[in-house]
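Breakdown of the fold
Here is what each chain is made of, one letter per residue.
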Amino acid sequence: MKKKRVFVAGHKGMVGSAIIRQLSCRNDVELIVKDRTELDLLDQKAVDTFFAVHDIDEVYLAAAKVGGIHANNTFPAEFIYENLMMECNIIHSAHRHGVQNLLFLGSSCIYPKLADQPMTETALLTGELESTNEPYAIAKIAGIKLCESYNRQYGRNYRSVMPTNLYGMNDNFHPDNSHVIPALMRRFHEAKVNKDSEVIVWGTGTPMREFLYVDDMAAASIHVMELSDDTYHSCTQPMLSHINVGTGVDCTIREMAETMAKVIGFKGSVSFDSTKPDGTPRKLMDVSRLADLGWMFTTDLEGGLTKTYQWFLENQNSFRN
Ligand code: GDP
């Protein structure tokens with residue numbers, strides 16, 4: 001049997017590495033990966049040459065410049081530029097060199113700040129975006145539209161998955177630039193080690209977020225990539241390329257912080273710094289399309305935090321900041 005040649009762009013990142021863990025167990029897949037020193041995804045010529053010489057059958061586009069609310073607010077130029085460039089380079093060159101199947105990983109922040117909850121796929125482009133991450137969201141919307149355009153004009157099979165807030169092993173645990181789960185995991189852990197009596201959480205604690213463990217995201221991505229055309233199109237509108245991925249369950253930041261304290265074993269108090277931005281008030285995905293396509297999450301928040309904390313304890317000495 002000829003193995004399919006699968007390129008995972010961003011294989012060292014949190015989601016890309018989870019996809020690799022799952023695909024490497026498969027005997028019908030030959031994985032192709034390149035790290036940053038071998039292939040600069042911002043370099044159009046290099047990316048095009050890569051696709052010209054490797055006979056790729058499928059692409060998982062998991063490479064992205066990502067960060068939490070503070071990083072997005074502080075480095076908007078890098079967030080829009082790097083994401084747009086990587087998407088354009090990879091999607092266009094994949095098409096030019098005959099790759100028929102591609103899965104683009106987006107984000108729930110593509111939806112309007114005040115979209116009806118839970119957010120359906122059709123909420124895209126129906127209202128204003130959340131200002132703290134608008135440049136990133138615009139780049140991700142462009143990625144969806146790139147996929148749809150190559151499907152419409154050239155009959156490609158480029159699909160997109162829009163994950164809710166993800167967390168898990170290989171996340172970025174930077175104290176300021178990371179997302180809320182890794183940031184708080186580190187802060188609670190350090191407070192426990194230092195025997196501090198209080199941990200400060202940004203914002204008011206009232207925003208609601210939905211969290212998905214990264215291994216579930218990888219499984220959902222592979223599931224969507226491998227659906228037959230007929231099944232896929234039975235649940236999406238003609239030419240629509242994006243599908244929400246989440247749990248369909250959310251909680252307040254305060255509740256998540258309380259679960260975090262329990263998992264880590266921090267016994268002190270939790271307080272809130274309301275001078276820090278809350279971001280969007282609520283971001284809950286409508287995951288009924290994905291459910292109709294036969295996929296559901298398996299790891300709940302406490303279980304996922306427990307696995308992530310185990311990984312954190314084993315790897316914290318290798319963090320660069
Ligand atoms: P968002 O979903 O795009 O807003 O991404 P984040 O993960 O950065 O933030 C989610 C929510 O957690 C926001 O309301 C933040 O204000 C709140 N939050 C609380 N403490 C922290 C923290 O230490 N880091 C981050 N990134 N967010 C925090």
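Quick note: structure is the one above.
Residue indices follow the written sequence of each chain, beginning from 1 at its first position. Selection of residues for local features in this predicted model requires a pLDDT of at least 70, selection of side-chain atom pairs for listing and counting requires 80 or more, and totals for whole chains, interfaces and linings are taken over all residues. As a rule here, side-chain values come from all non-hydrogen atoms in the structure, and water together with hydrogens is ignored.

**Concerning the sheet that holds strand β5 (residues 157–163)**
Each strand in a sheet pairs with another by means of backbone hydrogen bonds, the pair being arranged parallel or else antiparallel. What counts is decided by this rule: Strands are labelled as partners when DSSP assigns at least two bridges between them. By the criteria applied, helices consist of DSSP H or I runs no shorter than four residues and strands consist of E runs no shorter than two, each listed in order from the N terminus. A fitted line through C-alpha atoms represents every axis, and for helices the fit uses only the stretch in contact; the resulting angles, taken between N-to-C directions, go from 0 to 180 degrees. Should any heavy atoms of two residues lie within 4.5 Å, those residues are considered in contact.
The strand order β2-β1-β3-β4-β5-β10 describes an open sheet built from 6 strands, whose pairing is parallel. Across the chains shown, the open sheet's two edge strands, defined by having one partner strand only, are β2 (29–32) and β10 (242–245). Strand after strand, the sheet turns through a mean of 20° between neighbouring axes, direction not considered. Of the strands in this sheet, β4 (101–105), β5 and β10 touch helix α5 (residues 134–154), which is tilted by about 155° from β5.

**Here we look at the packing of aromatic side chains**
Put simply, the rule reads: Each Phe, Tyr or Trp ring (for Trp, its six-membered ring) is paired with any other whose centre lies within 6.5 Å, and the angle between the two planes then decides the class: stacked below 30 degrees, edge-to-face above 60, tilted in between. Only Lys NZ and Arg CZ are tested; either one counts as a charge over a ring when it is within 6 Å of the ring centre and within 35 degrees of the ring normal.
All told, the structure shown has 13 aromatic pairs when counted by the stated rule. Through a chain of ring-to-ring contacts, three or more aromatic side chains come together here, namely Phe 173, Tyr 309, Trp 311, Phe 312 and Phe 319. The ring of Phe 79 has Lys 65 lying over it, and the distance from NZ or CZ to the ring centre is 5.4 Å. Of note, Arg 159 hangs over the ring of Tyr 232, and the distance from its end group to the ring centre comes to 4.1 Å.

**Description of the nonpolar core**
A general feature of soluble globular proteins is that nonpolar side chains tend to end up buried together. Going by this rule: Take the buried Ala, Val, Leu, Ile, Met, Phe, Trp, Tyr and Cys residues and link them wherever side-chain atoms come within 4.5 Å; each set so joined is a nonpolar core. Exposed residues in this analysis have more than 50% of their type's maximum accessible area, buried residues have under 20%, and partly exposed residues fall in between, with area computed by a 1.4 Å probe over protein chains only.
Counting residues in each nonpolar core, the largest one holds 40 residues, and the members touching the most others are Phe 7, Phe 51, Ile 90 and Leu 102. Where this core is concerned, the elements lending two or more residues are β1 (4–9), α2 (44–53), β3 (58–61), α4 (76–96), β4, α5 and β5. The biggest single contributor to this core is α5, with 7 residues. Excluding anything up to four places from it in sequence, Leu 102 contacts Val 59, Ile 90, Ile 91, Ala 94, Cys 147, Asn 157, Tyr 158, Arg 159 and Met 225. Of all hydrophobic cores here, the second largest spans 30 residues; its members include Ala 18, Leu 166, Met 225 and Leu 293.

**Thoughts on the packing of helix α6 (residues 180–194) against helix α9 (residues 253–264)**
Rule in force here: Put simply, angles under 35 degrees are roughly parallel, angles over 145 are roughly antiparallel, angles from 65 to 115 are roughly perpendicular, and the rest are oblique. Each crossing is labelled by how the near helix is turned from the far one, with a counterclockwise turn of less than a right angle marking it left-handed and a clockwise turn marking it right-handed.
Contact geometry of α6 with α9 gives a least axis separation of 10 Å together with a crossing angle of 45°. Accordingly, the angle class assigned to the pair α6 and α9 is oblique. Two packed elements cross with a definite hand, and for α6 against α9 that hand is right-handed. Taken together, the residues of α9 that come into contact with α6 (itself represented by Val 180, Ile 181, Leu 184, Met 185, Phe 188, His 189 and Lys 192) are Ile 253, Met 256, Ala 257, Met 260, Ala 261 and Ile 264.

**Considering the layout of surface pockets**
As a reminder, the rule being used: Definitions used for this entry: grid spacing 1 Å over protein atoms alone; cavity, a set of points where a 1.4 Å probe fits but cannot get out; pocket, an open set with protein on both sides within 12 Å along at least 5 of 7 lines; lining residue, one with an atom within 4 Å of a point. Grid points are joined across faces, edges and corners, and a volume is the space filled by probe spheres set on the points. Throughout, the ten residues Ala, Val, Leu, Ile, Met, Phe, Trp, Tyr, Cys and Pro are labelled nonpolar, Asp, Glu, Lys and Arg are labelled charged, and all others, Gly among them, are labelled polar.
Estimates place the volume of the second largest pocket at around 170 Å³. Looking at side-chain class alone, the lining of the second largest pocket contains 5 nonpolar, 3 polar and 4 charged residues.

**Regarding the environment of Gly 10**
With respect to the element layout, Gly 10 can be found in the loop between β1 and α1 (14–23). Residue Gly 10 is classed as partly exposed on the basis of its relative accessible area, which comes to 22%. In the structure, Gly 10 is positioned 19 residues away from Val 29 in sequence and 17 Å away in space, judged by C-alpha atoms. With residues up to four places along the chain from it excluded, the contact list for Gly 10 reads Gly 16, Ser 17, Ala 62 and Ala 63.

**A look at the pairing of β10**
Residues of β10 alternate between two faces, with His 242 and Asn 244 on one and Ile 243 and Val 245 on the opposite face, all of them buried. Bridging between β5 and β10 involves 4 bridges; their strand directions are parallel. Among the inter-strand pairings, Ser 160 is bridged to a residue of β10, identified as His 242.

**Quick notes on unusual backbone geometry**
Looking along the chain, the bond that leaves Gln 117 and enters Pro 118 is cis, with omega of -10°. Of note, Leu 125 is a non-glycine position whose phi angle comes to about 60°, a positive value. Relative to the helices and strands, Leu 125 resides in the loop between β4 and α5. For Leu 125, a relative accessible area of 57% gives the class exposed. Although it is not a glycine, Lys 195 adopts a positive phi angle of roughly 55°. A relative accessible area of 74% places Lys 195 in the exposed class.

Honestly, it's all geometry; don't read function into it.
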